[in-house]
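One-letter residues, chain by chain:
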Amino acid sequence: MEKAIHLIRNPFDNLVSRFHHEQKEHRKKNSVEWTRRYSNDVIGFRKWCADEDAIYAAEERSVDWTKYGYPEDITKRFEGVSCHGELFRYVQWHAMAARAVEMLDIPVLYVYYEDYSTDLKASTIEMLDFLNLKLSGELPYFDSNKDHSAHFTQ
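Residues numbered from 1 in each chain as written. Predicted model: local features only at pLDDT ≥ 70, side-chain atom pairs only at ≥ 80, totals over all residues. Heavy atoms only, no water.

Student: Give a description of the overall build of the protein chain that names residues and reports values.
Tutor: Looking only at helices and strands, the protein chain features 6 helices and 2 strands. Taking 2.2 N^0.38 as the reference for a compact globule, 154 residues should give roughly 15 Å; the C-alpha atoms of the protein chain span a radius of gyration of 19 Å, well beyond that estimate. For the protein chain, the spread of C-alpha atoms along the principal axes amounts to about 50 × 40 × 30 Å. By the burial criterion, 31% of the 154 residues in the protein chain qualify as buried. Of the contacts made within the protein chain by residues no fewer than 6 positions apart, 62% connect residues no fewer than 24 positions apart. For the protein chain, the accessible area works out to roughly 10700 Å², and carbon and sulfur atoms hold 53% of it. Taking the 20 positively charged and 26 negatively charged side chains of the protein chain as two groups, their mean positions are separated by 5 Å. (Helix = DSSP H or I, 4+ residues; strand = E, 2+ residues; numbered from the N terminus. Rg over C-alpha atoms; globule rule 2.2 N^0.38 Å. Buried < 20%, exposed > 50% of the residue type's maximum accessible area, 1.4 Å probe, protein only. Contact = heavy atoms within 4.5 Å. Areas by Shrake-Rupley, 256 points an atom, 1.4 Å probe, with all protein chains shown as cover. Lys, Arg positive; Asp, Glu negative; His and termini not counted. Charge placed at Lys NZ, Arg CZ, Asp CG, Glu CD.)

Student: Please give an account of a negative patch on the surface that cites residues and values.
Tutor: Together, Asp115, Asp119, Glu126 and Asp129 make up a negatively charged patch on the protein surface. Residue placement: Asp119 occurs in helix H6 (residues 115–130). Asp119 sits in the partly exposed class, given a relative accessible area of 39%. (Patch = residues over 30% accessible without salt bridge, like charges linked within 9 Å, V, L, I, M, F, W, Y side chains within 5 Å. Salt bridge = Lys/Arg side-chain N within 4 Å of Asp/Glu carboxyl O.)

Here it is in structure tokens:
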């Protein structure tokens, strides 16, 4: 039987993780200009968000959002929201994932990434039970309990 596990992470932590992923990819490519512009800290993160928002601003304004069920003035609501483009992509990805399992009519287990930090074993057992599998071996240490609030507050 087909099944799906839909992993959901705090969207703000997800944004910081995406930024760190970009950092890692640009370091691999030796993109000195990029890594210099976006230092691996709060300041670099905020600059990255501002630049990403600016890059996609014209495109966002050109979309007919009403055909997707959004209000006509949705882009005005984006103003002042840091990393709104990334937040929008996050929401769209989860909406599409939820729609996919609905269309496929398969059972889905929703798992919250942050639950790992409180009880990794219970989260793992829940997923394995859902998949009709058994735990084999020991679980590694997993620390997802990081505070990224400084990235979003002044």
